[in-house]
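Here is what each chain is made of, one letter per residue.
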Amino acid sequence: MSTIEKFNEHVMPTYGRYDLVMDSGSGETATDENGKKYIDFGSGIGTNSLGYCNSEWADAVCEQVRKIQHTSNYYYTKVQADFAAKLTEVAGMEKVFFGNSGAEANECAIKIARKYSFDKYGKGRHNIITLVNSFHGRTITTLSATGQDVFHNYFFPFTEGFIFVKANDIDDLKAKLDDTVCAVMFEHIQGEGGVNALDKAFVDAIYELTAKKDVLTIADEVQTGIGRTGKFLAGDHFGHKPDIVTLAKGIAGGLPMGACLTGKKCADVLTSGTHGSTFGGNPVCCAGGLKVLEKAGDPAFLAEVAKKGEYFRTKLSEIPEVDGISGIGLMIGISLKSKDAKEVAKACLDNGLLVLTAKDKVRLLPPLTISYEEIDAGLKILADILK
Ligand SMILES: *Cc1c(COP(=O)(O)O)cnc(C)c1O
């Protein structure tokens, strides 16, 4: 029985998968079970931030797995302390809670926002504003928070308490930011929603309006964080510090981890017994995360990411079929004039290039460590397909 047959017989069919069995990877190149190679412009949805099996990262992870792979969160570990210290320093935040995914990081943020408000103002101020076309995760509550109706099916009843505001519509935000609201949660660049950056004026308005009412700001940086945009956080492009930041995807170089970070205001909202996670802050993931931060926390490395982003954008804009390019840094959305993004992604795969899609765009989230040679080689494949 082939891997694909075995897989389909035993794994729930929740994904539309390509007929491709991934076997191994090195640097920015993946290899399938038949030995066919693929340049990776997707990094496992922005997750393999240092590419495949980066040797320093792999050494750190293997060393940790041989030392201690897990202990309960009733004890301390040095590696979690080191990672938390470095992460909060680089992000300019105060404290962190570790989970295992983006959805969990957002769940934690939602709990903090509601408890902050409950502790200070009592009941009735639990609503959270999120944006139309947002994506915040797959748990029942983060689906509720997600501002897309397609996600609000089957699983009733959903968690109450989310109000949707149109992205970049300041009047809509003003109208809905009433005394029942404890937080506004947003992606600076909507990833799954189509790689759309928010307008600076709208982000300014979020901060201005929430500050007046002691309403918290939650930046979902699960996809945009950890250097993806050429700054450590996408929010750094907009010049504001949110009260809460959530991270996942690229945080540990491909190992499962989510983090919810707070500034001073919310640092002590969650107290003993109010939240937890068995695997959260796992030592192996923290060891991998430390290696990611050595790079993504370094301004010189981030400047390189920004430069590569510019290079991508210049090259892409020379392709006649490209109608527009969105996003920031190495988070790239490509609108096409006449071709279908999903068909283009499939053709890329057949020709040895991995790309993603988001709504009707081709989406690129290449490893932050990608070289110019690989960018050129990948873009040549893409340009040929777009001819
Ligand atoms: C991917 C994503 C999530 C969900 O992360 P998981 O690790 O799949 O739970 C949440 N928010 C944003 C912005 C994302 O891109």
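Residues numbered from 1 in each chain as written. Predicted model: local features only at pLDDT ≥ 70, side-chain atom pairs only at ≥ 80, totals over all residues. Heavy atoms only, no water.

1. A few points about the overall build of the protein chain
Now for step 1: When its secondary structure is counted, the protein chain shows twelve helices and 17 strands.
Now for step 2: C-alpha atoms of the protein chain, sized along the principal axes, occupy 60 × 50 × 45 Å.
Now for step 3: Residues classed as buried in the protein chain amount to 52% of the 387 residues present.
Now for step 4: Look at the contacts in the protein chain between residues 6 or more apart in sequence, and 72% of them connect residues 24 or more apart.
Now for step 5: Separation of charge centres in the protein chain, based on 43 positive and 50 negative side chains, amounts to 3 Å. (Helix = DSSP H or I, 4+ residues; strand = E, 2+ residues; numbered from the N terminus. Buried < 20%, exposed > 50% of the residue type's maximum accessible area, 1.4 Å probe, protein only. Contact = heavy atoms within 4.5 Å. Lys, Arg positive; Asp, Glu negative; His and termini not counted. Charge placed at Lys NZ, Arg CZ, Asp CG, Glu CD.)

2. Comments concerning the domain arrangement of the protein chain
Interface extent is often summarised as the accessible area lost during association of the parts.
Now for step 1: Along its sequence, the protein chain is organised into domain 1 (3–54 + 299–386) and domain 2 (68–296).
Now for step 2: Spacing between the C-alpha centres of domain 1 and domain 2 amounts to 26 Å.
Now for step 3: Facing the 26 residues of domain 1 at the interface are 28 residues of domain 2.
Now for step 4: For the pair domain 1 and domain 2, the two sides together bury roughly 2200 Å², of which 62% comes from carbon and sulfur.
Now for step 5: On the domain 1 side of the contact with domain 2, Leu302, Ile328 and Met331 bury the most area, a combined 30% of that side's loss.
Now for step 6: There are one salt bridge connecting domain 1 and domain 2.
Now for step 7: For Glu192, the salt bridge identified is with Arg363, shortest N-O distance 2.9 Å.
Now for step 8: Taken together, the connections running from domain 1 to domain 2 amount to eleven residue pairs in polar contact (both at pLDDT 80 or more).
Now for step 9: Mapped onto the side of domain 1 that touches domain 2, the elements with two or more residues apiece are helix H2 (43–46), helix H10 (299–317), strand E13 (322–328), strand E14 (331–336) and strand E17 (361–364).
Now for step 10: Broken down by element, the side of domain 1 that touches domain 2 gets its largest block of residues, four residues, from H10. (Domains from an automatic or database assignment. Buried area = accessible area lost by both parts, 1.4 Å probe. Salt bridge = Lys/Arg side-chain N within 4 Å of Asp/Glu carboxyl O. Polar contact = N/O pair within 3.5 Å; in protein donor to acceptor, adjacent residues only side chain to side chain.)

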